[in-house]
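Here's the letter readout for the chains.
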Amino acid sequence: MVPSVVGSITAAARMLIEEGAKELVVPGNFPIGCLGAYLTLFETKDKTAYDKNGCLKAHNAFSKYHNAQLKLSLEKSRHEYPQARIIYADYYGAAKALFHIPHHLGLENGALSACCRGGGPYNFNYKARCGHIGSKACKDPSTYANWDGVHLTETAYRHVATGLLNGNFTSPPI
């Protein structure tokens, strides 16, 4: 499915350029193997399925593959549309520190457990998703990277945005 998804993203970017867009930012995928929803859905007793941070290796490999294919496709589009500035936003790279060194970033409650809880080892439960009966938000979301098992917290998104705007996580640089 990756070629189809990447093709759709690239086609949308090309349509926007043909409609007059001069500058586009196209984001890649986050390390989805570190999100509570995936960790819950694909939980396994096989310890080799997880990296040293507790993330699912195969799902992060999938994100990396998708991102690599998207970067290649965007490079082709840059040659076809030299009048447009097509920027790849490396969400994976910008978010990686959240999952590798959360405590160094002030995320005392880590990155894998969700703040808005529904129970389970990652505080994610499809039957008690955030906002539904049975879920409960933590007292201080700024100490978590993960909001609800799928989305990041404001603190985590700020870290990602700072990396994109001021760091080395866009190609070409913003």
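Since the model is a prediction, treat every value here as computed from it, not as a measurement.

Chemist: In this structure, what is going on with the state of the cysteines? I would like to understand it.
Modeler: A covalent bond between the sulfur atoms of two cysteines is what we call a disulfide. Counted by the stated rule, this structure contains three disulfides. At a sulfur-sulfur separation of 2.1 Å, the disulfide partner of Cys-116 is Cys-130. Disulfide Cys-116-Cys-130: the torsion about the S-S bond is 90 degrees, which places it as right-handed. With Cys-116 in the loop between helix H4 (91-100) and helix H5 (154-166) and Cys-130 in the loop between H4 and H5, this pair connects stretches of sequence that are 14 residues apart. The partly exposed category is assigned to Cys-130, whose relative accessible area is 26%. Look at the protein and number its bonded cysteines as they come in the sequence; the links are 1-2, 3-6, 4-5.

Chemist: Looking at this structure, how should I read H4?
Modeler: Each full turn of the α-helix corresponds to 3.6 residues, which orients residues three or four apart in the same direction. For H4, the set of buried residues is Tyr-92, Gly-93, Ala-94, Ala-95, Leu-98 and Phe-99. The inward-facing, buried residues of H4 contact helix H3 (57-80) and H5.

Chemist: Could you clarify how one ought to interpret the sheet that holds strand S2 (residues 85-89) in this entry?
Modeler: Across a sheet, paired strands are connected by hydrogen bonds in the backbone, their directions being either parallel or antiparallel. Read across the sheet, three strands follow the order S1-S2-S3 without closing on themselves; strand pairing throughout is mixed. For this open sheet the edge positions go to strand S1 (23-27) and strand S3 (170-171), each flanked by a neighbour on one side alone. For S1 and S2, the ladder comprises five bridges, and the chain directions are parallel. From the neighbouring strand, Leu-24 faces S2, where its bridge partner is Ile-86. H3 contacts S1, S2 and S3 of the sheet and is inclined by roughly 170 degrees relative to S2.

The rules behind each value
Residues numbered from 1 in each chain as written. Predicted model: local features only at pLDDT ≥ 70, side-chain atom pairs only at ≥ 80, totals over all residues. Heavy atoms only, no water. Disulfide = S-S within 2.5 Å. Helix = DSSP H or I, 4+ residues; strand = E, 2+ residues; numbered from the N terminus. Buried < 20%, exposed > 50% of the residue type's maximum accessible area, 1.4 Å probe, protein only. Contact = heavy atoms within 4.5 Å. Pairing = 2+ DSSP bridges. Axes fitted to C-alpha atoms, helices over the stretch in contact; angles between N-to-C directions.

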